[in-house]
Number of protein chains: 2
Amino acid sequence: MQQVRLVLVGLGNLGRRLCQILHDKRQHISQRYGLDLVLIGAADSQGAAYDPVKGLDPEQVVALKASGASIADYPDVGKKGWLAAALVATAQADVLLEASPVNLDAGAEPGLSSIRTALRRGLHVVTPNKGPLVLAYSELHELAASHDAQLRFDGTVAGGLPALYIGQRDLRGAVVHELQAVPNLCTGYVMDMLADGMTWEQATDRAREAGVLEGDGSWDLEGWDAAAKLVILANAVLGVSTHMDDVSRTGITNLDAESLQAAQERGERYRLLAEAVRDADGGYELSVAPIPLSPDHPLGHLGQKQMGVVYETDIYGTITAIIDEPSPIPSAATMLRDVLDIYS
Amino acid sequence: MQQVRLVLVGLGNLGRRLCQILHDKRQHISQRYGLDLVLIGAADSQGAAYDPVKGLDPEQVVALKASGASIADYPDVGKKGWLAAALVATAQADVLLEASPVNLDAGAEPGLSSIRTALRRGLHVVTPNKGPLVLAYSELHELAASHDAQLRFDGTVAGGLPALYIGQRDLRGAVVHELQAVPNLCTGYVMDMLADGMTWEQATDRAREAGVLEGDGSWDLEGWDAAAKLVILANAVLGVSTHMDDVSRTGITNLDAESLQAAQERGERYRLLAEAVRDADGGYELSVAPIPLSPDHPLGHLGQKQMGVVYETDIYGTITAIIDEPSPIPSAATMLRDVLDIYS
């Protein structure tokens, strides 16, 4: 039995669900993979807890957060004001799980600094946080390589769908002629509601109630989220160094209801499509825009809790992968997938 | 640049296409992966050729076979009557690509013996040949492990779709509640033709013309092919030791035209579905049978050149993967995928 010591930064939607998974799956994972995954530290925006000897009880972390308390209130080992940076800089851990919120405006901090610190210390890093990857894809990969650490980020694109792993591993040797992805739930959900005749306010309220839209939603609705995911796909799968500026981006905020309803009447569904199309020079045209998809399209039947990716290749045909994700559990579980992959 | 010396046994549909891929992709693979894949030996049913110094020219192998000749006719180094067994037992190679035809009646020979010999010699083995895996899954895996060799067989299920890799790697940590697969083209193709009003003879002739049915077809049409693929999925993904006897098997030969046409009128499509359903004890009920799939089913829109798999899991939601495979190239390319995966 190999012990793997985890430190988790960020106890929001994903971090808490991962704690629950770590609790529920401990026995299964030790039996099937010979790994004992131990949460030795965790941090939220108020403080941190660290116990390298006994570890934290992930179920107790879930209960604490559900009660509205901070991880700083964890019995005996919780400390207020002891922040992620300090925990990551000192914890005797094997893997950093960085699940703090995406914050591109603030330079992807505090996630980016935590990831840099961890990689420099030789910790493996697993993160569903797009910000650091979008801003510093190459730098972080070089940092990981030079410290013999692994950097995994399967959860950054399309929730629990292994869109990146399929693209990076299962398409080895192929040229991708075209990549198309519906990489988030929120925009499709809102457009379906608009097509059904709701106002913009009704549609976005409903999306919030359904748990697919957070905050003011502009990050998703203006297409930034899809563009960030396309940037990560382009770097990781297409092998081209890509930044946000390289993506032609149209959100869904200016879509008129008539277009949506007309598409619905034609049997089509609008989805915010992230596309990369190979050009004659071997580069890619990258775009994000709302597109009406016909029922013949591989992603033309996506429901409101479904995301998908299509890879059109030279030697592996056209491969489509779709996830039906009724809750955020699969998105959180990507961190488990990544950890188990590192230790496989 | 790392040299990888390949020996290929079987120069039928898949073997020849792999040779073409090795030719076309040599530069791309050396540039992107730092690997020089060299074909040093090949065998068909007539003889073999072996040149460990210069290697064989894969494009010349393709031309030889296209002209109706044997690899035994390869200039200078081809030998008639020098068979796969001898080549595999002596070649100074790194990887055996075993692409001889499936032959369960004959104890999966000659493939099974070649694979055993190669693994005992410490060669990695890549094979799209289901027979050896179905008959000796555990034995071959133990043999590989005890000789530090890797055994890959992604091409055994659903052509070029990475159904096995997704199941084995991307679902790590999950419990699969239900697995459903349409793992071959032939049966769906024939049923679509029957639903369109063709007779059995017309439908099977058309399937032969389309290149999806070979020989008398009973292996496919009676469901043996799908059952073999389900056995491999169960062993590799579900982690349960499974044999052909464990699968309840119904082929498509007794389907009446009325049922097929009635389904078509209801907007449903018949497909030969391979299913594994988890029972209360953690085992799986395994079956192969023709089932009418509604448009709501994740595989309900499969076209005549499409295959797919659905994994319904506890923590990764429901993941569907579909391949559109207009030619056998993707099935052949799985051997490249496997080789590149071994050396990643």
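Residues numbered from 1 in each chain as written. Chains lettered and ligands numbered in written order. Predicted model: local features only at pLDDT ≥ 70, side-chain atom pairs only at ≥ 80, totals over all residues. Heavy atoms only, no water.

Q: Tell me about the packing of aromatic side chains, residues and numbers included.
A: Residues and elements named next belong to chain B. Taken as a whole, this structure holds four aromatic pairs over all chains when the rule is applied. Taken together, a centroid distance of 6.3 Å and an interplanar angle of 50° make the contact between Tyr50 and Trp82 tilted. Residue Tyr50 is located in strand 3 (residues 47-50), and its partner Trp82 is located in the loop between strand 4 (78-80) and helix 3 (84-90); the two are separated by 32 residues in the primary sequence. By relative accessible area, which is 18% here, Tyr50 ends up buried. (Phe/Tyr/Trp six-rings, centres within 6.5 Å; stacked < 30°, edge-to-face > 60°. Helix = DSSP H or I, 4+ residues; strand = E, 2+ residues; numbered from the N terminus. Buried < 20%, exposed > 50% of the residue type's maximum accessible area, 1.4 Å probe, protein only.)

Q: An account of the environment of His23 of chain A is requested, with residue identities and associated values reported.
A: Residues and elements named next belong to chain A. Tracing the backbone through its elements, the reader meets His23 in helix 1 (residues 13-33). Relative accessible area serves as the criterion here: at 32%, His23 is assigned to the partly exposed category. The spacing of His23 and Tyr33 is 10 residues in sequence and 16 Å in space, taken between C-alpha atoms. Other than its neighbours up to four places away in sequence, His23 contacts Pro58 and Glu59. (Contact = heavy atoms within 4.5 Å.)

Q: How would you sum up the interface of chain A and chain B? Please name residues and give values.
A: Contacts between the two partners involve 40 residues from chain A, matched on the other side by 40 residues from chain B. Note on chain A versus chain B: buried area summed over both sides is about 3,100 Å², and carbon and sulfur give 53% of it. Summed over the shared surface of chain A and chain B, the number is 23 residue pairs in polar contact (both at pLDDT 80 or more). At the level of elements, helix 1, helix 6 (163-170), helix 10 (224-238), strand 13 (318-324) and helix 12 (329-342) of chain A are the ones that each hand at least two residues to the side of chain A that touches chain B. At eight residues, the largest contribution of residues to the side of chain A that touches chain B is made by helix 12 of chain A. Here the side of chain A that touches chain B is composed, by residue class, of 21 nonpolar, 10 polar and nine charged. As defined by bridge partners, strand 13 of chain A adjoins strand 13 (residues 318-324) of chain B across seven bridges and the pair is classed as antiparallel. Bridge pairing in strand 13 of chain B places Ile319 of chain A opposite Ile323 of chain B. (Buried area = accessible area lost by both parts, 1.4 Å probe. Polar contact = N/O pair within 3.5 Å; in protein donor to acceptor, adjacent residues only side chain to side chain. Nonpolar A, V, L, I, M, F, W, Y, C, P; charged D, E, K, R; others polar. Pairing = 2+ DSSP bridges.)

Q: Tell me about the relation of the copies chain A and chain B, and please be specific about residues and values.
A: Between chain A and chain B, the superposition needs a rotation of 180° and an axial shift of 0.0 Å, giving an RMSD of 0.0 Å. When the rotation and shift are considered jointly, the pair of chain copies conforms to a two-fold rotation axis. By C-alpha distance to the rotation axis, the residue of chain A lying nearest is Ala321 of chain A, at 2.2 Å. Comparing interface residues between copies, 100% of those in chain A also sit at the interface in chain B, which points to an isologous, same-surface contact. (Least-squares fit on C-alpha atoms with pLDDT ≥ 70 in both.)

Q: Please set out the nonpolar core residue by residue, giving values where relevant.
A: Core analysis: the biggest nonpolar cluster contains 240 residues, and Tyr311 of chain A together with Tyr311 of chain B have the highest contact counts within it. Every residue in contact with Tyr311 of chain A, bar those within four places of it in the chain, is listed here: Ala163, Ile166, Gly167, Leu171, Val176, Glu178, Leu179, Leu233, Val237, Gly317, Thr318 and Ile319 of chain A. (Core = buried A, V, L, I, M, F, W, Y, C linked by side-chain atoms within 4.5 Å.)

Q: Explain the sheet that holds strand 13 of chain B to me, using residue names and the numbers behind them.
A: Taken together, the 12 strands give an open sheet; going across it, the order is 9(A)-11(A)-10(A)-8(A)-12(A)-13(A)-13(B)-12(B)-8(B)-10(B)-11(B)-9(B), and neighbouring strands pair in mixed fashion. Among the strands making up the open sheet, the edge pair consists of strand 9 (247-249) of chain A together with strand 9 (247-249) of chain B. Looking at each pair of strands side by side, their axes are set apart by 15° on average, direction ignored. Of the strand pairs in this sheet, strand 8 (residues 176-182) of chain A and strand 10 (residues 269-278) of chain A are connected by four bridges, and their pairing is antiparallel. Within strand 10 of chain A, the position partnered with Gln180 of chain A by the bridge is Glu275 of chain A. Packed on one face of the sheet, helix 7 (residues 186-195) of chain A meets strand 10 and strand 11 (284-293) of chain A and runs near 140° to strand 10 of chain A. (Axes fitted to C-alpha atoms, helices over the stretch in contact; angles between N-to-C directions.)

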